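# Per-entry structural report
Chain residues, written in single-letter form:
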Amino acid sequence: MRGERVASLQLEPSALKRWAQQLFTGQSLLQLTIAAVAAFLLVIILQGWRPAFSYREGQVPDRDIVARVAFDLVDTQQTKMLRDQKRREVLCYYENRSQPITQLRGAIKDQLFALLADTPIDELSDNQRRTLTAFVPKPADEESTDAIPQQQITPEEALAAARTLLGKSEQLDKFDAALRSILTPIAESGVLQSLGHDSDQGSQRSIIVFPAGLPDDEVFLDVPRVRRPEILASLPQTVTETFQQTFNAPEALIVARMVSNYLANNLPETLSYRQDLSEQARRKAEESVQDALVSYFPTVSKLATAGKPISRFDSLPLLRAEYNAWVEQLSFGETAIRLTAFVGMIGALYLLCGIYIYYQYDPSLLTEPKRLLRLLGLMVMTCLVCRFIAPDPFRAEIVPLVLCAMTATIAFGRQVALLVTTCLSLAITLGLGFDISEFVTLCGGTCAATLLLGRIRTRTKLIYVGLAAGTIVCLTHLGVDTVAGKLNVVMPASPDVPVLEVQTWIGLLPGLLSESLRLGGFTLLAGALMTGMLPFVESLFGVQTDLSLLELGDASHPLLRQLAQRAPGTYNHSINVAAIAEAAADSIGAHGLLTRVGAYFHDIGKMFKPNYFIENQEQGGNCHDTLQPAMSTLVIIAHVKDGADLGRQHRLPKPIIDFIEQHHGTTLVEYFFREAAKRSQSDPNKEEVSETSFRYPGPKPQTLEAAVLMLADSVESASRTLVEPTSSRIQNLVDQIAMKKLLDGQFDQCGLTLQQLDQLKSSLVKSLTAIYHGRVKYTGQASA
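All of these numbers come straight from a predicted model, not from anything done at the bench.

This next bit is on the overall build of the protein chain. Looking only at helices and strands, the protein chain has 31 helices and 8 strands in total. Among the 784 residues that make up the protein chain, the fraction classed as buried is 43%. Carbon and sulfur atoms make up 57% of the accessible area of the protein chain, which totals about 42000 Å².

What follows is the structure in structure tokens.
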């Protein structure tokens, strides 16, 4: 027996064992998975395995920065110069369409052959005269620009020479062969009036020529060989020499001058510039140029000068290149050590925030997966945005952090917002390579936005919060930089300044002021952005600000208008409950406006069967007289579920729906329970009545506001039954109802203290006394 008693005694497990048991439950594993995924994303976003690049544009180093490792940097200017030079040396492409020159040779033969008949010059036709004129050089004062100055010949001399030289058929063959030998080289190389590209697009001395449709048959030619003026300048001599060699006669010189004159006036341009092929050649030439590199050596090469702001055009690229080279040389062990330390820091921040939230604030924020997911998702998204906009040239990491602080304040409260944003600022500072002054500035901005936010009852509130927080950020940044010595940078001696130290605060102060004003402006911008984001934040996190509650509590809301039309008594009751509940909630520090709006909607389920509720019944009949108590109870209780369903259908916020479901808790419908008990006692065959069937389904009030509404709803309804609602009677009524709710356990889950309950009772008594205050009776006035 003793052994059985010992075995039956079960000791409470240790705390470690309880934690282990809770850890391996399904919900705990889900929460751990969410936290682990968020931590993994934070490490990836902040690149916890590699040192951060800690230099930014405008930063003033307090000492000369020299290279830690050897590296090479591309000299962009020298590389560009080499590529431009290579581009200017490229031979551009020209397409040769030689058919016009072939046609020109046939035209010369045809027109000269038309003059070989024995017709006297006076009897030539108009066409023949025009043909002869085209071949005869004009007088010196009428020559065209293309004509070649020669000794003048008359048309008669030209006609006679042509007929004498070409009168025989064998002479015609020689003439054709001579033209062919003159024009074939010109047709093969082509004729160009002027180049189609300038000196920056390619060589001006040589080009690449290819026959039309045959780009592979390209030849390299000097520009003078194909340019029309140069061709025409050498053409008379070429024609003369060819004709003298072909025809051993004095008339050959005159005919040569005639042909030269015709070619000078009619030689066509056959070369056309090919932009596409030339551009391909230029790109290929540019790609063939290797980057010009400048070598830097460790402990020798200076990358930035002390006291001189880092510029994006000289110092910053050097520092970035040196950083990349240094990171590439880090060993696996160094990377693993840093990653371990960074993960440990994230874990420590997790533990710090988790312990505080779980034991000191609200455990449901961690135990409810949806709320935990929203909190960690907000942190991850803030880090992600900071990663993209923190580097130069934006450097606006304070914007997402202030937005995160405002969002966390609205969704989770000031305490969580202060804790989370401070830890987040620390993680971002270490992950992105900021210094301690930047961390203090970020914390100042987030804490200012959190503490100043408060209740949002107007649309301009967030703008004012951003302006005030921006002012604090501006002053904080300026003060921290001053304390950190950034106005007292020591510059090394130089040939121009042969002293060891030069105080440069006068030159650095404008830069610090502009940076402080820039950060303050970004904070103001965050407030303006939050104004537009507010509806989305409320929807995503399931919270309501005073601004949205004021809009929701408008009497023109469709549900309230329907309630006023279908159940005017209930509507009047809801208005009275809202008035006294708001004052009661404010008296204990609860959200009075939320309570008032919740009271407006708490009885909307009564509009389905309004006549079954006493406040809507007219004199002369009661619908419950024909129903059993159990059935009446079902009708009464149903208004809670009907109201919640109606609220969800009209997309009321979740806190308002919670008011509808919790304002009766699990209280007993006493009237019908007692009626059922009486009937059960009078009929011995009936079973004993159970309270469970006559209680509301709940849940019990989960918040202070729901508890206030429950008490205000009960006392307002009960006060209507008082014959003479004096102050003492109202006091007794409120005390009885409050004690009954307390003893029934309705306030067990909302955190309401006895002190707060006493304050609630005092407020409700004052409000009801004001409603039912006595009035002076006038002479002849009937008593109401």
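The N-to-C vectors of helix 7 (residues 155–165) and helix 11 (residues 251–266) enclose an angle of 115°; their axes lie 9 Å apart at closest approach. Between helix 7 and helix 11 lies a crossing whose hand is left-handed. Residues Glu157, Ala158, Ala161, Ala162, Thr164 and Leu165 of helix 7 form the contact with helix 11, whose own contacting residues are Glu251, Ala252, Ile254, Val255 and Met258. Split by residue class, the contact of helix 7 with helix 11 holds 8 nonpolar, 1 polar and 2 charged.

What follows concerns helix 26 (residues 629–649). Between its first and last C-alpha atoms helix 26 spans 30 Å; for 21 residues at 1.5 Å apiece the expected length is 30 Å, and the two agree. Residues of helix 26 that are buried: Pro629, Ser632, Thr633, Val635, Ile636, Ile637, His639, Val640, Gly643, Ala644, Leu646 and Gly647. Positive phi appears at Arg651, one or two residues downstream of helix 26, with a value of about 55°.

A surface patch of nonpolar side chains, amounting to about 570 Å² of accessible area, comprises Val37, Phe40, Leu41, Ile44, Trp49, Leu339 and Val343. Contributing elements (two or more residues each) for the nonpolar patch: helix 3 (26–46) and helix 14 (332–361). It is helix 3 that provides the largest number of residues to the nonpolar patch, a total of 4 residues. Its place among the elements puts Leu339 in helix 14. A relative accessible area of 31% places Leu339 in the partly exposed class.

Strands sit in the order 5-4-3-6 across an open sheet of 4 strands; the sheet is mixed. Of all strands in the sheet, those bounded by a partner on one side alone are strand 5 (219–222) and strand 6 (271–273). Across the sheet, the mean angle separating the axes of adjacent strands is 40° when strand polarity is ignored. Pairing between strand 3 (residues 93–96) and strand 4 (residues 206–211): 4 bridges, direction parallel. Pairing of Asn96 across the sheet is with Pro211, part of strand 4. The strands that helix 8 (residues 169–189) touches are strand 3, strand 4, strand 5 and strand 6; relative to strand 3, the one it contacts most, it runs at about 135°.

Another aspect to go through is the packing of helix 4 (residues 76–89) against helix 12 (residues 275–288). The interhelical angle for the contact between helix 4 and helix 12, taken along N-to-C directions, is 145°, at an axis separation of 9 Å. Considering only the axes of helix 4 and helix 12, their crossing is right-handed. Along the contact surface, helix 4 presents Arg83, Lys86 and Arg87, while helix 12 presents Glu279, Arg282, Ala285, Glu286 and Ser288. Partitioned by chemical class, the residues of the contact of helix 4 with helix 12 number 1 nonpolar, 1 polar and 6 charged.

This paragraph deals with the environment of Gly413. With respect to the secondary-structure elements, Gly413 resides in the loop between helix 17 (398–412) and helix 18 (414–432). Note: C-alpha distance between Gly413 and Thr450 (37 residues apart in sequence) is 8.9 Å. If we skip the residues at most four places from it in the chain, Gly413 touches Tyr361 and Ala408.

Position of Thr270 among the secondary structure elements: in the loop between helix 11 and strand 6. The buried category is assigned to Thr270, whose relative accessible area is 4%. A polar atom in the side chain of Thr270 sits 2.9 Å from the side chain of Asn96. The contacts of Thr270, once residues within four sequence positions are left out, are Glu95, Asn96, Arg97, Ser98, Ile101, Gly190 and Val191.

To continue, consider the packing of aromatic side chains. This structure, assessed with the given rule, holds 12 aromatic pairs. Cluster of aromatic residues (ring-pair linked, three or more members): Phe53, Tyr55 and Tyr323. Over the ring of Trp326 we find Arg68, and its NZ or CZ is 3.9 Å from the ring centre. It is Arg320 that lies over the ring of Phe53; its NZ or CZ is 3.9 Å from the centre.

Moving on to the state of the cysteines. Covalently bonding the sulfur atom of one cysteine to the sulfur atom of another cysteine gives a disulfide. Scanning the entire structure with this criterion turns up 0 disulfides. Here Cys386 is not disulfide-linked; the sulfur of Cys383 is the nearest cysteine sulfur, at 6.4 Å. Residue classification places Cys386 among the buried residues on the basis of a relative accessible area of 0%.

Attention now goes to the pattern of salt bridges. Considering all chains together, one arrives at 35 salt bridges under this definition. We note a salt bridge from Glu397 to Arg56, for which the minimum N-O separation is 3.1 Å. Of this pair, Glu397 sits in the loop between helix 16 (369–389) and helix 17 while Arg56 sits in the loop between helix 3 and strand 1 (65–66), and the two are 341 residues apart along the sequence. Between Asp84 and Lys80 there is a salt bridge, with its nearest N and O atoms 3.1 Å apart.

Okay, the environment of Leu462 next. Here Leu462 lies in helix 20 (residues 461–483). A C-alpha to C-alpha distance of 9.5 Å links Leu462 and Leu534, two positions 72 residues apart in sequence.

What follows concerns the environment of Phe613. Considering the arrangement of structural elements, one finds Phe613 in the loop between helix 25 (592–601) and helix 26. For Phe613, a relative accessible area of 6% gives the class buried. With 10 residues separating them in the primary sequence, Phe613 and Cys623 have C-alpha atoms 8.7 Å apart.

What follows is about the nonpolar core. The biggest cluster of nonpolar side chains holds 63 residues, and the ones touching the most others in it are Ile398, Met406, Phe412 and Ile428. By residue number, the principal contributor to this core is helix 17, which donates 11 residues. With residues near it in sequence (within four places) discarded, Ile398 still touches Thr441, Leu442, Val473, Leu519, Phe522 and Thr523. In terms of nonpolar packing, the next biggest core, distinct from the first, is built from 52 residues, Leu559, Ala584, Ala599 and Ala644 among them.

In this section: unusual backbone geometry. Pro699 follows Gly698 through a cis peptide bond whose omega is 10°. Considering the arrangement of structural elements, one finds Pro699 in the loop between helix 28 (670–682) and helix 29 (704–719). Although it is not a glycine, Gln47 adopts a positive phi angle of roughly 50°. Relative to the assigned elements, Gln47 resides in the loop between helix 3 and strand 1.

With that settled, consider a negative patch on the surface. A cluster of acidic residues, Asp122, Glu123, Glu156 and Glu157, forms a negative patch at the surface. Counting through the fold element by element, Glu123 comes out in the loop between helix 5 (99–113) and helix 6 (126–135).

This part takes up the confidence of the model for the protein chain. Confidence in the prediction of the protein chain, expressed as mean pLDDT, is 85, and 89% of residues score 70 or more. In the predicted structure, residues 141–148 sits below a pLDDT of 50 and forms 14 contacts with residues beyond four places in sequence or in another chain. Per-residue pLDDT stays below 50 along residues 493–503; that stretch engages in 14 contacts with residues further than four places along the chain or on separate chains.

The rules we used
- Residues numbered from 1 in each chain as written.
- Predicted model: local features only at pLDDT ≥ 70, side-chain atom pairs only at ≥ 80, totals over all residues.
- Heavy atoms only, no water.
- Helix = DSSP H or I, 4+ residues; strand = E, 2+ residues; numbered from the N terminus.
- Buried < 20%, exposed > 50% of the residue type's maximum accessible area, 1.4 Å probe, protein only.
- Areas by Shrake-Rupley, 256 points an atom, 1.4 Å probe, with all protein chains shown as cover.
- Axes fitted to C-alpha atoms, helices over the stretch in contact; angles between N-to-C directions.
- Left-handed = near helix turned anticlockwise from the far one by under 90°.
- Contact = heavy atoms within 4.5 Å.
- Nonpolar A, V, L, I, M, F, W, Y, C, P; charged D, E, K, R; others polar.
- Expected span 1.5 Å × (residues − 1).
- Patch = residues over 30% accessible without salt bridge, like charges linked within 9 Å, V, L, I, M, F, W, Y side chains within 5 Å.
- Salt bridge = Lys/Arg side-chain N within 4 Å of Asp/Glu carboxyl O.
- Pairing = 2+ DSSP bridges.
- Polar contact = N/O pair within 3.5 Å; in protein donor to acceptor, adjacent residues only side chain to side chain.
- Phe/Tyr/Trp six-rings, centres within 6.5 Å; stacked < 30°, edge-to-face > 60°.
- Lys NZ or Arg CZ within 6 Å of the ring centre and 35° of its normal.
- Disulfide = S-S within 2.5 Å.
- Core = buried A, V, L, I, M, F, W, Y, C linked by side-chain atoms within 4.5 Å.
- Lys, Arg positive; Asp, Glu negative; His and termini not counted.
- Charge placed at Lys NZ, Arg CZ, Asp CG, Glu CD.
- pLDDT = per-residue confidence, 0-100.

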